[in-house]
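Below, each chain spelled out in residue letters.
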Amino acid sequence: MPTQASPYSEAERDLSARAVAAGVKDMTPSKVKRWRGAGIIGEPERSYPGRAAGGGSGSIYGPEALERIVIADPIVKATSTLNEAVLVLFWRGHPVEDRAVRAAYMKGFQDLFKLITTRTVRAVGSRSSRAVADFVGSRGRRTAHRNPRLREWRERLPGTMRERGAALDRLLQDLTLTLLDDEDGPKGPTPELVQASGMGEAMTERLGEIGPIVPSFPDEHVRAIFRAFAVPSLSGLISGRPFAELEGARDDMKLTLHYFETFAHVVRRVFPSRWAFGFGLVADGARTVDEPLLPLILVPGMLLVREMFPGPEIDQSLDLYRSEMPRVEAQRRLLDALDSAAPDVMAKVKGLGPTGFLGLTGQENARLSKPLRSWHDANPEDALLILGDPPGLPP
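Attention in this report is confined to the structure presented alongside it. Note that the structure is predicted; figures quoted are calculated from it, not measured.

Scoring rules and cut-offs
- Residue numbers run consecutively from 1 along every chain, following the written order of its sequence.
- Only residues with pLDDT of at least 70 are given local features in this predicted model, and only at 80 or more are side-chain atom pairs given and counted; all residues enter the totals for whole chains, interfaces and linings.
- With hydrogens and water excluded, all non-hydrogen atoms of the structure serve as input to the side-chain values.
- Structural elements are reduced to axes, namely lines fitted to C-alpha atoms, with helices fitted over the stretch in contact, and the angle between N-to-C directions of any two is expressed from 0 to 180 degrees.
- Think of it this way: any DSSP run of H or I at least four residues long counts as a helix, any run of E at least two long counts as a strand, and we number them from the N terminus.
- Put simply, angles under 35 degrees are roughly parallel, angles over 145 are roughly antiparallel, angles from 65 to 115 are roughly perpendicular, and the rest are oblique.
- In what follows, residue pairs with any heavy atoms lying within 4.5 Å of each other are defined as contacts.
- Ring geometry is summarised as follows: Phe, Tyr and Trp rings, the Trp one being its six-membered ring, pair when their centres sit within 6.5 Å, and such pairs are stacked at plane angles under 30 degrees, edge-to-face over 60 and tilted between the two.
- Residue burial is assigned from relative accessible area. The probe radius is 1.4 Å, only protein chains are included, and a residue is buried under 20% of its type maximum, exposed over 50%, and partly exposed in between.
- Throughout this description, the term charge over a ring refers to an Arg CZ or Lys NZ atom that lies within 6 Å of the ring centre and within 35 degrees of the ring normal.
- What makes a patch is a set of residues exposed beyond 30% relative accessible area and free of salt bridges, joined within 9 Å when like-charged and within 5 Å when nonpolar (Val, Leu, Ile, Met, Phe, Trp, Tyr).
- Note that accessible areas follow from Shrake-Rupley with a 1.4 Å probe, and for residues the cover is restricted to the protein chains shown.
- Salt bridges are defined by distance alone: a side-chain nitrogen of Lys or Arg within 4 Å of a carboxyl oxygen of Asp or Glu.
- Positive: Lys, Arg. Negative: Asp, Glu. His and the chain ends are not part of the count.
- A charge is said to be at NZ when it belongs to Lys, at CZ for Arg, at CG for Asp and at CD for Glu.

1. Examining the packing of helix α4 (residues 82-92) against helix α13 (residues 243-270)
Here is step 1 of the chain: Contact pair α4 / α13: the axes reach a minimum separation of 9 Å and the direction vectors enclose 70°. Between α4 and α13, the angle is such that the two are roughly perpendicular. Counted together, Phe90, Trp91 and Arg92 of α4 and Phe243, Leu246, Glu247, Arg250, Met253, Lys254 and Leu257 of α13 form the full contact between these two elements.

2. With respect to the packing of aromatic side chains
Here is step 1 of the chain: Taken as a whole, this structure holds nine aromatic pairs when the rule is applied.
Here is step 2 of the chain: Ring geometry for phenylalanine 90 against phenylalanine 243: centres 5.8 Å apart, planes inclined by 45°, an arrangement best described as tilted. A residue pair is termed long-range when its members are at least 10 positions apart, and phenylalanine 90 in helix α4 and phenylalanine 243 in helix α13 qualify at 153 residues.
Here is step 3 of the chain: Centroid distance phenylalanine 260 to tyrosine 321: 5.7 Å. Interplanar angle 80°. Geometry classified as edge-to-face. With phenylalanine 260 in helix α13 and tyrosine 321 in helix α16 (residues 313-341), the pair connects residues that are 61 residues apart, well separated along the chain. The same class applies to phenylalanine 260 as to tyrosine 321, namely buried.
Here is step 4 of the chain: Through pairs of rings, three or more aromatic residues link up here, namely Tyr259, Phe260, Phe263, Phe279 and Tyr321.
Here is step 5 of the chain: Directly above the aromatic system of tryptophan 91 lies the positively charged group of lysine 254, at a separation of 5.9 Å from the ring centroid.

3. Digging into unusual backbone geometry
Here is step 1 of the chain: The phi torsion at aspartate 181 lies on the positive side, around 60°, for a residue other than glycine.
Here is step 2 of the chain: Position of aspartate 181 among the secondary structure elements: in the loop between α8 (161-179) and α9 (191-197).
Here is step 3 of the chain: For aspartate 181, a relative accessible area of 49% corresponds to the partly exposed category.

4. Focus: a positive patch on the surface
Here is step 1 of the chain: On the surface, Arg119, Arg122, Arg139, Arg142 and Arg146 cluster together into a positively charged patch.
Here is step 2 of the chain: Every element with two or more residues in the positive patch is listed here: α5 (98-124) and α6 (129-143).
Here is step 3 of the chain: Note that arginine 119 resides in helix α5.

5. Describing the pattern of salt bridges
Here is step 1 of the chain: Overall, the coordinates contain 31 salt bridges when judged by the stated rule.
Here is step 2 of the chain: Across the pair arginine 170 and glutamate 192 runs a salt bridge, and its minimum N-O distance is 3.1 Å. Pair noted here: arginine 170 is in helix α8 and glutamate 192 is in helix α9, with a separation of 22 residues, a long-range link.
Here is step 3 of the chain: Classification of arginine 170 as partly exposed rests on a relative accessible area of 39%.
Here is step 4 of the chain: Two residues, arginine 287 and glutamate 261, come together in a salt bridge whose shortest N-O distance is 3.8 Å. Of the two residues, arginine 287 is situated in helix α14 (residues 279-287) and glutamate 261 in helix α13; the sequence distance between them amounts to 26 residues.

Right, here's the structure in full:
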């Protein structure tokens, strides 16, 4: 009886076996084929074994394909779909096919649109933007007690519980209309959104005589970005750009988020600052979303900002973040070291003044002297970044 031909190539079976030997125990030829189709693995290379091996040509996956499988395996298992895995691989800077990234973006935008609209169609039988917005608003209002972010937003709004619920309903309606690019959507962040999200409070925060960073909020730039931040426009930004621009926007946004998070940590640690001048608000928001959503929204968001504001200001800001990052990271490491050495003392810090930490007694400041000197001696490069070249530390 003739043997049925395998649906998988020799190269797929070989790579599957090598992956299993490398620790990816559930990698099958079928998965190799699907991952190649999704762009996680590149195409196999042509091989020419030569006359001694029978001549002709074949295909083989090289070491890079095996490395991609090993890297991608935990990411695929942690995400819901291969499309999400591709976005995460791209966001983390791992090799992934250009076509796969674009396809994952298009599928991601379709899924986001469906997430917004599908439940509405089932509930009220309408695809209109107004019906979708009404549904999202009312559902958000009813379920806010179960959603930490929506509950936090509602609690920042003024009035009675009923009035706050109605304001949250309107806020979510407006956000939905903006995402759907509906002509009835607001032309800028509404007062409810500014108050509920903390945007206005974050951008106008003061520390004594320092601040506000943005005297008037929202300004014309914020309103312009808000109006353009719709699913259709974000999708169009991805489809028409060279892959190198997508990579550049990704790297710029990752730098921005890393700086914001590090700077906010340092500021909040030594000052009574809730929002760290807005940096903390952005960093907190990024930490609350699933990782695949970061590249889906933030990469086209960076492309959008560059398109709307083509002047030098964005690159100047990025250069500042890049140059300041080593110093801010060193400050964070110093605070971590002092927290570890004297957590009870550091918990009392109320600020930072010209002579050291504020809110501490003389004895408590003296307790920090020894761990500070030990840190200085053990980390001369960090000390130079923070202190410059000081004449010396007190014994």
